[in-house]
Amino acid sequence: MAVIPAQESARRWGTSPWVIDFVPPPVPVPSEIDFAIIGGGFSGLAAAAWLRLLSPQQSVAVLEAAHIGQGASGRTGGMALAESAAGDLPGLGDVLGGLKNILGILDIHCDLDLPGAWEIGRKGGLDHSPISWKDSGTLRAAAEVPGGTVDPGKLVSGLARAALGLGALILESRRVRRIHWGERVELEIGLEAGSGEAAVGKTLSAKKVLLATNGTSLGLSGLHAGSHPKLTLATQTTPIREDQMRTIGLSQNKPFYTVDFPYLWGRTRPDCSIVWGAGLVDAPDSGDLEEVDIRSAIPSEMFARFEKRVRGLHPALANIEFTHHWGGPILFRDDWQPVFDRHPESPNGIVLGAFAGHGVALSNYLGAWAAEVLLGRRSLPEKWGRLSS
Ligand SMILES: Cc1cc2nc3c(=O)[nH]c(=O)nc-3n(C[C@H](O)[C@H](O)[C@H](O)COP(=O)(O)OP(=O)(O)OC[C@H]3O[C@@H](n4cnc5c(N)ncnc54)[C@H](O)[C@@H]3O)c2cc1C
C-alpha cells in the first residue's frame, strides 16, 4: 500500500470552509510517555485534554499524521446530534449534555447552538413542516430531534489549545507506522515531509495507547474487520438572503438529515451560507481512503450532479453558487454502533471510532470517557462498542 504524504492527502480531499486557527508549537518526540494518543481529531484531542485535566502528573502525547483536524473533525458538517448512529445504547448517557459539560469545563467556545434538528423525509411530513423541497418526491420535516450545530474549526482549535494548556504534547506530522504491543507499548513513528526534522523514524514507549484514527490506519486499530471506510462529500454555498432562508424553511438554523434515500444533510452558517452533503466514495483496492482524490472523474461527476440536485430543491436555490467542495473519512460498522473497546492485541490499547455520520458530539463525549478508562477510573461499555461485534 502506498503511503500518501499528509499534505498530498489534504489536497486530494479538498478544502473545507472551517478555520483551524491554532498551530501547536513544534516539539521533538519524547522517548517515553504515560499515555500516547494516535489521531488529532475530536476523539484524540478531547481524550488528551481530559487526561491532563484529571491527572496532571501523568504525561500525554497526541501523535497526528498530518495536522490537527486533517481527518473528519476538520471536514465535518458540524451537526451536533444526540445518541449514536445506532440510536441510544445501554449506558450511553446524555451525549449532548456531556458535550456541553466538556466545553464548559475546558472553556471552549465553538458556537455550540442546540435549537433542535430536523429529520426530513419523503413520507409522513409534519403538518407544520417549514421545509418543502423537490428531491425524488417532496422532502418535508418528519420529526424534530435534539441537536444543533458547532463550528468544527473552533472546536478542533479549542480542544487543541485546551490540551496544550493543560500540558499535553501535540506532535503534528508524526504518523504512527507500527505498534509493538507488550507490557509497555512501542510506537514506531515516521516523520512526514514538512515536519522540520530529518526524515528518520523514532520510537516512543508508552504505558497505554488510545487509537483514535477513525477511517484510516485500520490495520493499526484493528478496525478493518466488519468496517466500511468511505470518503463522504460535502459542499458549501454562497450566502443567501434572509428572506430566501425563510422561504426554504431554514431560518431557525436547525440542521437537517434525511431518514430515507437519496440521502441529504445540511446546516446553515451565521453568514447565511449553507453546507450540504451527500455521496460516498469507496477507496480504491487497498481500502486506503488517503488515495481517494476528489478531483478525479467519479467524485467530480458526483459533485456536479449534487450541485444540480441542490439547485433543484427549491426555486430560491435555483441560482445558488458553490464555494467549497471537499471530502472526509467516515467509518461505518455493519451494526452502526461506534467502537469503544480494548485493542484485540493488548489490554494496554483502547480503540475508539466508527461513529458513521454521527460523531461530532459523540467523539468528544467518548474521548473524555476514554481518558477515564485509561486512568482506570471508569469501565468500557459492556453491551456495545466491541471490536468483535
Ligand atoms: C464530510 C463529513 C461530514 C460529517 N458531518 C457530521 C455531522 O454533521 N454530524 C456528526 O455528528 N458527524 C459528522 N461526521 C462524522 C464526524 O465528523 C466524525 O465522526 C468525527 O469527526 C470523528 O472524529 P475522530 O477524532 O474520531 O476522527 P478524525 O477527525 O478523522 O481524526 C482521526 C485522525 O487520526 C489521524 N491518523 C490516522 N492514522 C494515523 C496514524 N497512523 N498516525 C497518526 N495519526 C493518524 C488522521 O490524520 C486524523 O486527523 C461527518 C464526517 C464527514 C467526513
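Everything discussed here concerns the structure shown above.
The notes below deal with the structure included here. The shown structure was predicted, so the numbers you read here are calculated from the model rather than taken from an experiment. (Residues numbered from 1 in each chain as written. Predicted model: local features only at pLDDT ≥ 70, side-chain atom pairs only at ≥ 80, totals over all residues. Heavy atoms only, no water.)

## Section: the packing of helix α2 (residues 42-54) against helix α4 (residues 152-165)
Here is step 1 of the chain: Remark: α2 packs on α4, axes separated minimally by 8 Å, with the N-to-C direction vectors making an angle of 30 degrees. What the angle tells us is that α2 and α4 run roughly parallel. Considering only the axes of α2 and α4, their crossing is left-handed. On α4, the residues that touch Phe-42, Leu-45, Ala-46, Ala-48 and Ala-49 of α2 are Pro-152, Leu-155, Val-156, Leu-159, Ala-160, Ala-162 and Ala-163. (Axes fitted to C-alpha atoms, helices over the stretch in contact; angles between N-to-C directions. Helix = DSSP H or I, 4+ residues; strand = E, 2+ residues; numbered from the N terminus. Parallel < 35°, antiparallel > 145°, perpendicular 65-115°, else oblique. Left-handed = near helix turned anticlockwise from the far one by under 90°. Contact = heavy atoms within 4.5 Å.)

## Side note on the pairing of strand β4 (residues 117-121)
Here is step 1 of the chain: Counting buried positions along β4 gives four out of five residues, so the element sits mostly inside the fold.
Here is step 2 of the chain: Where β4 and strand β6 (residues 138-145) come together, five bridges link them in antiparallel fashion. Bridge assignment links Gly-121 to a residue of β6, and that residue is Arg-140.
Here is step 3 of the chain: The pairing of β4 with strand β13 (residues 256-258) spans three bridges and is parallel. When the bridges of β13 are listed, Trp-118 appears paired with Phe-256. (Buried < 20%, exposed > 50% of the residue type's maximum accessible area, 1.4 Å probe, protein only. Pairing = 2+ DSSP bridges.)

## Considerations on the sheet that holds β13
Here is step 1 of the chain: The eight strands lie next to each other as β5-β6-β4-β13-β14-β15-β12-β16, forming an open sheet whose pairing is mixed. At either end of the open sheet lies a strand with only one pairing partner, and these are β5 (132-134) and β16 (322-333). Strand after strand, the sheet turns through a mean of 30 degrees between neighbouring axes, direction not considered.
Here is step 2 of the chain: In the sheet, strand β12 (residues 227-237) pairs with β16 via eleven bridges, with the strands oriented antiparallel. Each residue of the ladder has a partner; that of Thr-232, found in β16, is Gly-328.

## Overview of the site of the ligand
Here is step 1 of the chain: Taken together, 36 residues sit near the ligand, with Ser-43, Glu-64, Ser-73, Met-79 and Ser-217 positioned nearest.
Here is step 2 of the chain: Protein contacts shield 97% of the accessible area of the ligand, which totals 1,000 Å² for the unbound molecule.
Here is step 3 of the chain: Sorting elements by how many residues they give to the shell around the ligand places strand β9 (residues 174-180) first, with three residues.
Here is step 4 of the chain: The class makeup of the residues in the shell around the ligand is 14 nonpolar, 18 polar and four charged. (Near = heavy atom within 4 Å. Areas by Shrake-Rupley, 256 points an atom, 1.4 Å probe, with all protein chains shown as cover. Nonpolar A, V, L, I, M, F, W, Y, C, P; charged D, E, K, R; others polar.)

## Quick notes on helix α8 (residues 360-374)
The α-helix winds at 3.6 residues per turn, so residues separated by three or four positions along the chain end up facing the same way.
Here is step 1 of the chain: Spanning 15 residues, α8 covers 21 Å between terminal C-alpha atoms, matching the ideal 21 Å at 1.5 Å per step.
Here is step 2 of the chain: Burial within α8 is extensive, with 15 of its 15 residues counted as buried. (Expected span 1.5 Å × (residues − 1).)

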